[in-house]
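# Commentary on secondary and tertiary structure
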Amino acid sequence: MRPLLIAPSILAADFARLGEEVRAIDEAGADLIHIDVMDGHFVPNISFGTPVMYGVRGLTKKPFDVHLMIAPADPYLESFARAGADIITVHAEAGPHLDRTLQAIRAMGKKAGVSLNPATPPSVLKHVLDRLDLILVMSVNPGFGGQSFIPAMLEKIAEIRGIVGGRNIDIEVDGGVSQHNAGDIVRAGANVLVAGSAIFKAKDYAAEIKAIRAAATSVMA
Ligand code: DX5
Ligand code: ZN
């Protein structure tokens, strides 16, 4: 089993105090900092881009896990790499040349991820597995924080787990994740959990991260 990683999404942070929020989740035990970039075109909402990433990059040494909900993604990969991304994840639905996009990310020395919307079948992964470091399973329709986890995604996670087999690929789940479903999600085969509202709405970030981690590790063999 690959190590469990908790990735708080700063989409749910208080943007007026974003620097403090990034420092707080770092100190509270975040493994990755999940950064949701939305363009108002691929998804029906606009969040933020590279200037915001630059602004907080110096505040933590934790890897930046950048989730691009933008189309096209290719023209912007280099600027996200330069702004401090460690993992760059694009959506399979965002462009016609996924294989080329994944090669471009790795050519910049970054980890390459692909994200699947809830209705996208795992079969799109089959021929790009050797180019992947991470698969991000959307467990809500992307665009907004605070939505409910779609239960049918548990079966999809398990299917993807089977496709990945023993390869060196992380399976990340994003949307509606909390201490209440972390066990089911990890049991299905995921090892990276994104949580936005669950962590940032909590009074004590460290306690919340600990609770998610405990729920997840309790089902790990
Ligand atoms: C949704 C984003 C998620 C979101 C998760 O489009 O990709 O990362 O911030 O937020 P919660 O945990 O609130 O569902
Ligand atoms: Zn995300």
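The paragraphs below set out a description of the structure included in this document.

Okay, the overall build of the chain next. Of the regular secondary structure elements, the chain holds 8 helices and 8 strands. A compact globule built from 221 residues should have a C-alpha radius of gyration of about 17 Å, and the chain, at 16 Å, falls within 12% of that. For the chain, the spread of C-alpha atoms along the principal axes amounts to about 45 × 40 × 30 Å. The long-range share in the chain, meaning contacts at least 24 apart out of those at least 6 apart in sequence, stands at 66%. Approximately 9,600 Å² of the chain is accessible, and the part contributed by carbon and sulfur atoms is 53%. If the 21 positive side-chain charges of the chain are averaged to one point and the 24 negative ones to another, these points end up 4 Å apart.

Okay, the coordination of the zinc ion (ligand 2) next. Octahedral six-donor coordination of a metal ideally yields angles of 90 or 180 degrees, compared with 109.5 degrees for tetrahedral four-donor coordination. Distances from the zinc ion (ligand 2) to its protein donors, His34 (NE2), Asp36 (OD), His67 (ND1) and Asp174 (OD), fall at 2.0 to 2.2 Å. The coordination sphere of the zinc ion (ligand 2) comprises 6 donor atoms, whose angles at the metal cover 67 to 167°; the geometry is octahedral. Of note, the zinc ion (ligand 2) draws all its donor residues from one chain, in the sequence arrangement H-x1-D-x30-H-x106-D. We classify His34 as buried; its relative accessible area is 0%.

What follows covers the pattern of salt bridges. In the structure shown here, the tally under the stated rule is 12 salt bridges. In this structure, Asp14 engages Arg17 in a salt bridge whose closest nitrogen and oxygen atoms are separated by 3.2 Å. Taking the relative accessible area as the measure of exposure, Asp14 reaches 33% and is therefore partly exposed. On the basis of relative accessibility, which here comes to 33%, the residue Arg17 falls in the partly exposed class. The closest approach of N and O atoms between Asp31 and Arg213, which form a salt bridge, is 3.0 Å. Remark: Arg213 occurs in helix 8 (residues 205-217) and Asp31 occurs in the loop between helix 1 (18-27) and strand 2 (33-38); sequence separation between them is 182 residues. Among the residues examined, Asp31 registers a relative accessible area of 22% and is labelled partly exposed. One salt-bridge network, in which partners are shared between bridges, spans Asp14, Arg17, Glu20 and Glu21.

Of all residues adjacent to ligand 1, which total 20 residues, the nearest are Asp36, Gly146, Asp174, Gly196 and Ser197. A distance of 3.5 Å separates an oxygen atom of ligand 1 from a polar side-chain atom of His34. Measuring from an oxygen atom of ligand 1, one finds a side-chain N or O atom of His67 at 3.2 Å. Here the shell around ligand 1 is built from residues that sort into 8 nonpolar, 10 polar and 2 charged.

Grouped together as the largest cluster of nonpolar side chains are 64 residues, with contacts concentrated most on Ile10, Ile35, Val66, Leu68, Leu132, Ile135 and Leu193. Looking at this core element by element, the count peaks at 5 residues for helix 8. Dropping the residues within four chain positions of it, Ile10 is found in contact with Phe15, Leu18, Val22, Ile25, Ile33, His34, Ile35, Phe48 and Phe200. Counting residues in hydrophobic clusters, the runner-up holds 9 residues, among them Ala7, Leu134, Met138 and Val194.

Checked against the element boundaries, Ser9 lands in the loop between strand 1 (5-8) and helix 1. The exposure class assigned to Ser9 is buried, which follows from its relative accessible area of 4%. Sequence spacing of Ser9 and Met220 is 211 residues, and the spatial spacing of their C-alpha atoms is 23 Å. Those residues in contact with Ser9 that lie beyond four places of it in its chain are His34, Asp36, Val194, Ala195, Gly196 and Phe200.

Here we come to the sheet that holds strand 7 (residues 170-174). Judged by pairing direction, the sheet is parallel, and its 8 strands sit side by side in the order 1-8-7-6-5-4-3-2 without closing on themselves. Pairing within the sheet leaves two strands with one partner each, and these edge strands are strand 1 and strand 2. With strand direction ignored, the average angle separating the axes of adjacent strands in the sheet is 20°. Bridge count between strand 4 (residues 87-91) and strand 5 (residues 111-116): 5 bridges; the pairing is parallel. Note on strand 5: the bridge partner recorded for His91 is Ser115. Against the sheet, helix 8 engages strand 1 and strand 8 (192-195), with an angle of about 145° to strand 1.

The rules behind the values
- Residues numbered from 1 in each chain as written.
- Chains lettered and ligands numbered in written order.
- Predicted model: local features only at pLDDT ≥ 70, side-chain atom pairs only at ≥ 80, totals over all residues.
- Heavy atoms only, no water.
- Helix = DSSP H or I, 4+ residues; strand = E, 2+ residues; numbered from the N terminus.
- Rg over C-alpha atoms; globule rule 2.2 N^0.38 Å.
- Contact = heavy atoms within 4.5 Å.
- Areas by Shrake-Rupley, 256 points an atom, 1.4 Å probe, with all protein chains shown as cover.
- Lys, Arg positive; Asp, Glu negative; His and termini not counted.
- Charge placed at Lys NZ, Arg CZ, Asp CG, Glu CD.
- Donors = N, O, S within 2.8 Å, 3.2 Å for Na, K, Ca; no water.
- Tetrahedral: all angles 85-135°; square planar, octahedral: opposite > 155°, others 65-115°.
- Buried < 20%, exposed > 50% of the residue type's maximum accessible area, 1.4 Å probe, protein only.
- Salt bridge = Lys/Arg side-chain N within 4 Å of Asp/Glu carboxyl O.
- Near = heavy atom within 4 Å.
- Polar contact = N/O pair within 3.5 Å; in protein donor to acceptor, adjacent residues only side chain to side chain.
- Nonpolar A, V, L, I, M, F, W, Y, C, P; charged D, E, K, R; others polar.
- Core = buried A, V, L, I, M, F, W, Y, C linked by side-chain atoms within 4.5 Å.
- Pairing = 2+ DSSP bridges.
- Axes fitted to C-alpha atoms, helices over the stretch in contact; angles between N-to-C directions.

The values are spatial; any link to function lies outside them.
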